[in-house]
2 protein chains.
Amino acid sequence: MKTVGIGILGLGTIGGELVQIILKNQPRIREFYGIDLQIRGIFVRDVTKKRAIDTTGLPLTDNAESIIEDENVQLIMECMGGSGTEHTYPLIKRAIELKKNVVMSSKKVLALHGQELLELSRKNKSVLCYDATVGGGIPIEKVVENSFYYQEIRKIYGILNGTSNFICSNMFLKHKSFKQALKEAQKLGYAENDPSDDIDSYDALYKAEILALMCMERIFDLNAVKPRTIRGISNFDFEMLEEEGYTIKPLVSLEIKGEDLYYIIGPAVVSIEDNVVSGVDANNNIIAVIGSKSGELSFSGQGAGKSPTASVMFDDLLNTLLYRNNFILYNGVKPFREIIEDNTALYLHLKVNDKPGVIADIAGLLSHMGINIDKFITRGKTNGLYDAFVFISNENNIDRDALVKGLKKQHVRILSLIPIVYEEEI
Amino acid sequence: MKTVGIGILGLGTIGGELVQIILKNQPRIREFYGIDLQIRGIFVRDVTKKRAIDTTGLPLTDNAESIIEDENVQLIMECMGGSGTEHTYPLIKRAIELKKNVVMSSKKVLALHGQELLELSRKNKSVLCYDATVGGGIPIEKVVENSFYYQEIRKIYGILNGTSNFICSNMFLKHKSFKQALKEAQKLGYAENDPSDDIDSYDALYKAEILALMCMERIFDLNAVKPRTIRGISNFDFEMLEEEGYTIKPLVSLEIKGEDLYYIIGPAVVSIEDNVVSGVDANNNIIAVIGSKSGELSFSGQGAGKSPTASVMFDDLLNTLLYRNNFILYNGVKPFREIIEDNTALYLHLKVNDKPGVIADIAGLLSHMGINIDKFITRGKTNGLYDAFVFISNENNIDRDALVKGLKKQHVRILSLIPIVYEEEI
């Protein structure tokens, strides 16, 4: 019987669940795969800390490097958590240099170093699995891993961040304020004390990078993309939009046109009835891909959580047992020519002076920029100001900054500026 | 370099697409897997018939058995199509007896003989893959194949038949009659000349059998289930239901309660806003599973079509290259104790005599059966008859036949009787 020694980095909620799944299935893996799985070491920062699972007899250590270097460890499973990469990245890299298989969950490490790590694993003929880095319990990598054999995926869209989705859903369905919704999310454990990574869409950006890698075999410079925050969205926005049949969702949209990437990463106005993402609420995620052969496939489920994530990592473990060092999965990545934010349809909430000619001036400015007004709805005059809710078509994809600059010259205050996604290809 | 000889059964739309994918990827499989894929034989009923693809140099034969018996064939890929199993089943069985790997697409063969074929493949240590039998381009088997290691799936629901979904969608969205919608489906190639298998829900029944096998590791006797037809659904139904916020979808719902299976296979009344299946239209499919660890995961995409299906079969081919005769995937199946149709909530469209006391009698009858009336809406009195649209709660799950019998005694004509699905667990 062949033995595979496993080193586990991290024993938080995900690591604890993962250890239990491995231990529970040792007999079955022996029977089905003819392989004896042995946990050789588990890295924790504090070996004395009380854990959620019973750690009696488990080989805990606070020396991560010793696990990586252990010649009796053939597989490293990383579930370190946290938001940093300084410790995690070198450990994963070293494991691959030593030709060990790796199952990882750190999206930041993969987003920042994915191409390097995958090239290295290919060169060393070891396997790097990363399904747990995006989509929670949705095994998206498993679904698309062989796509490159028979099709191109040129469009991906969805909701990848449960925190932001929970907040938007609460604001829409329960009419909570942003502040109340965030507080509720924190109370339920769907948001951190400092929720910036989530609500400023950096989490979504890293996941977008990973999905482009996974599904499109493409890479883009993270610094070339502006993730947009969901802060500043108001109940006004939700109410006005709902009257018109729309809602707001934290969206990731990536589309290849020619050799360029068009993207939206942040809040987007979507049709309640016609957009598949609108029905995905609470902290759930959805990932949709459009493949040249399979057409549109969409997957939804819990975006995070110990059980969904640990399950996907165990699936990856089984993959490494199959691939076993004589198989190359990674097909390389290409860059894009240009990375362009898609602002071709925008929703704006403006505060406008109640003076004659003001609307005409705004309309004139927009038309001068080649921008058409599709809807212009005014509400609630107070103190000589009223709210204007505007849908515009910006076919030349004028940059937001230029648009904002122009509007400010007209003494217009911009409360919200959110892209509209009118249609998802079915 | 290892060679894997492939025998392909069938060269229709799916087979043709599959052959092209294999030929296109021979170089890449050599590079990535170190395996030389060789197509040794392709079975067709008529070698002279003109094909959609260029068959120059392809080893066509009308002798299927010779392909199965060929010692240079290690993998059989079945895409025979058709509605019969008499030829397909023995060929697949013989291949497994000879310890060959098999990738199949015939849902009828798998639904009728799945347990036998899987047990045989386990005994012979060969691999039987069947992702193409259900869900079209949705690689559902890939997603759930390892679930049994870490969780139980006790509920599956979705839309599995594109023909029926197309018809229901057309009736709902475009207000077409059943007849018009069926005609349109046939014109677009979404329905056969004889559409019975699809619209009488036998196709859905076979797929339900396969999903129970795949996801729940359970088996049930096909004869113990009553698939319900979508014939007889009228625009009246759609209009009345839409006013109340409901629509009708061709549903498959399987739920394990204790050791019993509760099912709905056929049309079901579902909330337009609150049910994830309501947004899945045209000929698309959706499959949702509720796992004890992953929670609810749902997958939607094209239910059929040459490209989606051939892609999934190629994915299965790659699986067989990995598993390579030293690996057992099949974990066995258990039967259910009882198979029970779920009639706990029903929608009825009745024709009722316009006489005093009639409603009281109906209400009395229902109450006598332990059935509560949730909604009772009357419309359009003509010729002393009017339409009654009724939502009932049938908590004791009184059998439909008993209910129908009782109502007929009240001289009530039943135009529609459709289960209501109020809530899908999120």
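Just so we're clear, the structure is a prediction, and the values are computed from it rather than from any experiment.

## Focus on the overall build of chain A
Check the secondary structure of chain A and you find 13 helices and 18 strands. Its C-alpha radius of gyration of 24 Å places chain A within 12% of the 22 Å reference for a compact globule of 426 residues. The principal-axis extent of the C-alpha atoms belonging to chain A is close to 85 × 45 × 35 Å. The proportion of buried residues among the 426 residues of chain A is 60%. Put simply, 74% of the contacts in chain A that link residues at least 6 apart link residues at least 24 apart. If you sum the accessible surface of chain A, you get close to 17,100 Å²; carbon and sulfur atoms cover 47% of it. Taking the 48 positively charged and 56 negatively charged side chains of chain A as two groups, their mean positions are separated by 3 Å.

## Here's the deal with the environment of B:Ser164
Residues and elements named next belong to chain B. Summarising the element assignment, Ser164 is placed in helix α6 (residues 162–173). Residue classification places Ser164 among the buried positions, given a relative accessible area of 2%. Once residues lying within four places of it in the same chain are set aside, the contact partners of Ser164 are Asp198, Ile199, Ile230 and Pro250. Side-chain polar atoms of Ser164 contact the backbone oxygen of Asp198, separated by 3.1 Å.

## Remarks on the domain arrangement of chain A
All names here are of chain A. Domain annotation for chain A reports domain 1 (2–129), domain 2 (140–302 + 335–340) and domain 3 (343–425). Relative to domain 3, the C-alpha centre of domain 2 lies at a distance of 24 Å. On the domain 3 side, the residues contacting the 26 residues of domain 2 number 20 residues. Summed over both sides, the interface of domain 2 with domain 3 buries roughly 2,000 Å², with 57% coming from carbon and sulfur. The tally of links between domain 2 and domain 3 comes to 2 salt bridges. Taking the shortest distance from any N to any O, the salt bridge between Lys375 and Glu244 comes out at 3.1 Å. On the surface where domain 2 and domain 3 come into contact, there are 7 residue pairs in polar contact (both at pLDDT 80 or more).

## Considering the packing of helix α6 (residues 162–173) of chain A against helix α10 (residues 235–243) of chain A
Residue and element names in this part refer to chain A. For the pair α6 and α10, the least separation of the axes is 9 Å and the interaxial angle reads 65 degrees. Crossing angle aside, the handedness with which α6 passes α10 is right-handed. Where α6 approaches α10, its residues Cys168, Met171 and Phe172 are matched on the opposing element by Asn235, Phe238 and Glu242. Taken together, the residues that form the contact of α6 with α10 break down as 4 nonpolar, 1 polar and 1 charged.

## What about the state of the cysteines?
Residue and element names in this part refer to chain A. Per the counting criterion, the structure on display carries 0 disulfides over all chains. Unpaired in terms of disulfides, Cys129 finds its nearest cysteine sulfur in Cys79, a separation of 14 Å. Given a relative accessible area of 6%, Cys129 falls into the buried group.

## Here we look at the pattern of salt bridges
Taken as a whole, this structure holds 48 salt bridges over all chains when the rule is applied. The partner of A:Glu152 in a salt bridge is A:Arg154, and the shortest N-O contact between them spans 2.9 Å. By relative accessible area, A:Glu152 is classed as partly exposed at 41%. Salt-bridge contacts for B:Glu259 lead to B:Arg218; the nearest nitrogen and oxygen are separated by 3.0 Å. You can see B:Glu259 sitting in the loop between β9 (246–257) and β10 (260–271) and its partner B:Arg218 sitting in strand β8 (residues 218–219), a full 41 residues away along the chain. Note on B:Glu259: relative accessible area 33%, which makes it partly exposed. Classification of B:Arg218 as buried rests on a relative accessible area of 4%. Via salt bridges that share partners, A:Glu17, A:Lys306 and B:Lys293 belong to a single interconnected network.

## Re the packing of aromatic side chains
Using the criterion set out here, one finds 21 aromatic pairs over all chains in the structure. An aromatic cluster of three or more residues is present, and its members are A:Phe32, A:Phe314, B:Phe148, B:Tyr149 and B:Tyr150. Its guanidinium or amino end placed over the ring of A:Tyr262, A:Lys257 lies 4.9 Å from that ring's centre, counting from NZ or CZ.

## Thoughts on the sheet that holds strand β4 (residues 75–78) of chain B
Hydrogen bonds between backbone atoms are what pair the strands of a sheet, whose relative direction is either parallel or antiparallel. All names here are of chain B. One open sheet holds the 6 strands; their spatial order is β3-β2-β1-β4-β5-β6, and the pairing between them is parallel. The open sheet has two free edges, formed respectively by β3 (60–61) and β6 (128–129), since each of these has just one partner strand. Summarising the sheet, strand β1 (residues 2–9) and strand β2 (residues 35–43) pair through 8 bridges and their orientation is parallel. Each bridged residue has a counterpart across the sheet, and for Gly7 the counterpart in β2 is Gly41.

## Re the relation of the copies chain B and chain A
Once chain B has been moved 0.0 Å along the axis and rotated by 180 degrees, it coincides with chain A to within an RMSD of 0.0 Å. Taken together, these values place the two copies in the relation of a two-fold axis. Residues of chain B ranked by C-alpha distance from the rotation axis are headed by B:Phe299, positioned 2.3 Å from it.

## A closer look at the environment of B:Ile159
Residues and elements named next belong to chain B. Position of Ile159 relative to the elements: it lies in strand β7 (residues 153–159). Judged by relative accessible area, which is 0%, Ile159 ranks as buried. Non-local contacts of Ile159, meaning those with residues more than four positions away in its chain, are made with Asn165, Lys249, Pro250, Val277, Val280, Asn284, Asn285 and Ile286.

## Describing the interface of chain B and chain A
Taken together, the contacts link 45 residues of chain B with 46 residues of chain A. Between chain B and chain A, a total of about 4,000 Å² is buried, with carbon and sulfur atoms accounting for 52% of that surface. It is B:Phe32, B:Tyr149 and B:Tyr150 in chain B that bury the most area against chain A; as a group they hold 19% of the surface buried on that side. Here A:Glu145 ties to B:Lys142 by a salt bridge, and the two come within 3.0 Å at their closest N and O atoms. Taken together, the links from chain B to chain A amount to 15 residue pairs in polar contact (both at pLDDT 80 or more). A class-by-class count of the residues in the side of chain B that touches chain A yields 21 nonpolar, 14 polar and 10 charged. Across 3 bridges, strand β12 (residues 295–302) of chain A lies against strand β12 (residues 295–302) of chain B in antiparallel orientation. Looking at the pairing, A:Ser298 lines up with B:Ser300 of β12(B).

## With respect to α10(A)
Residue and element names in this part refer to chain A. When α10 is considered as a whole, its buried residues turn out to be Asn235, Asp237, Phe238, Met240 and Leu241. Between a side-chain oxygen at the N-terminus of α10 and the backbone nitrogen of Phe236 the separation is 3.3 Å; the capping residue is Ser234. Gly245 lies just past α10 and shows a positive phi near 90 degrees.

## What to know about the side chain of B:Thr163
Within the element layout of this structure, B:Thr163 appears in helix α6. Setting aside anything within four residues of it in sequence, one finds B:Thr163 in contact with B:Tyr190, B:Ala191, B:Asp198 and B:Ile199.

## Describing the packing of α6(A) against helix α7 (residues 178–187) of chain A
All names here are of chain A. Between α6 and α7, whose axes approach to 9 Å, the crossing angle comes to 130 degrees. By the angle between their axes, α6 is oblique relative to α7. Relative to α7, α6 is oriented so that their crossing is right-handed. Across from Phe166, Ile167, Asn170 and Met171 in α6, the residues of α7 making contact are Phe178, Ala181, Leu182, Glu184 and Ala185. Taken together, the residues of the contact of α6 with α7 sort by class into 7 nonpolar, 1 polar and 1 charged.

## What about the pairing of strand β18 (residues 413–421) of chain B?
Looking along a regular strand, one sees side chains alternate from face to face of the sheet. Residues and elements named next belong to chain B. One ladder, built from 2 bridges, connects β10 with β18; its direction is parallel. Bridging across to β18, Val270 finds its partner in Val421. Across 6 bridges, the pairing between strand β15 (residues 345–353) and β18 is antiparallel. Opposite Lys351, over in β18, you have Arg413 as the bridge partner.

## Remarks on a negative patch on the surface
On the surface, a cluster of negative charge is contributed by A:Glu239, A:Glu242, A:Glu273, A:Asp274, A:Glu423, B:Glu239, B:Glu242, B:Glu273, B:Asp274 and B:Glu423. The residue A:Glu242 is located in helix α10 in this model. Relative accessible area serves as the criterion here: at 37%, A:Glu242 is assigned to the partly exposed category.

## Observations concerning the sheet that holds strand β4 (residues 75–78) of chain A
Spatially, β3-β2-β1-β4-β5-β6 (chain A) is the arrangement adopted by the 6 strands of the open sheet, whose pairing is parallel. Each edge of the sheet is formed by a strand with only one pairing partner; in this case those strands are β3 (60–61) and β6 (128–129) of chain A.

## Description of the confidence of the model for chain A
Mean pLDDT for chain A: 93, with 98% of residues reaching 70 or above. Across the interfaces of the predicted complex, the ipTM metric reaches 0.91, alongside a pTM of 0.93.

Rules used throughout
- Residues numbered from 1 in each chain as written.
- Chains lettered and ligands numbered in written order.
- Predicted model: local features only at pLDDT ≥ 70, side-chain atom pairs only at ≥ 80, totals over all residues.
- Heavy atoms only, no water.
- Helix = DSSP H or I, 4+ residues; strand = E, 2+ residues; numbered from the N terminus.
- Rg over C-alpha atoms; globule rule 2.2 N^0.38 Å.
- Buried < 20%, exposed > 50% of the residue type's maximum accessible area, 1.4 Å probe, protein only.
- Contact = heavy atoms within 4.5 Å.
- Areas by Shrake-Rupley, 256 points an atom, 1.4 Å probe, with all protein chains shown as cover.
- Lys, Arg positive; Asp, Glu negative; His and termini not counted.
- Charge placed at Lys NZ, Arg CZ, Asp CG, Glu CD.
- Polar contact = N/O pair within 3.5 Å; in protein donor to acceptor, adjacent residues only side chain to side chain.
- Domains from an automatic or database assignment.
- Buried area = accessible area lost by both parts, 1.4 Å probe.
- Salt bridge = Lys/Arg side-chain N within 4 Å of Asp/Glu carboxyl O.
- Axes fitted to C-alpha atoms, helices over the stretch in contact; angles between N-to-C directions.
- Left-handed = near helix turned anticlockwise from the far one by under 90°.
- Nonpolar A, V, L, I, M, F, W, Y, C, P; charged D, E, K, R; others polar.
- Disulfide = S-S within 2.5 Å.
- Phe/Tyr/Trp six-rings, centres within 6.5 Å; stacked < 30°, edge-to-face > 60°.
- Lys NZ or Arg CZ within 6 Å of the ring centre and 35° of its normal.
- Pairing = 2+ DSSP bridges.
- Least-squares fit on C-alpha atoms with pLDDT ≥ 70 in both.
- Parallel < 35°, antiparallel > 145°, perpendicular 65-115°, else oblique.
- Patch = residues over 30% accessible without salt bridge, like charges linked within 9 Å, V, L, I, M, F, W, Y side chains within 5 Å.
- pLDDT = per-residue confidence, 0-100.

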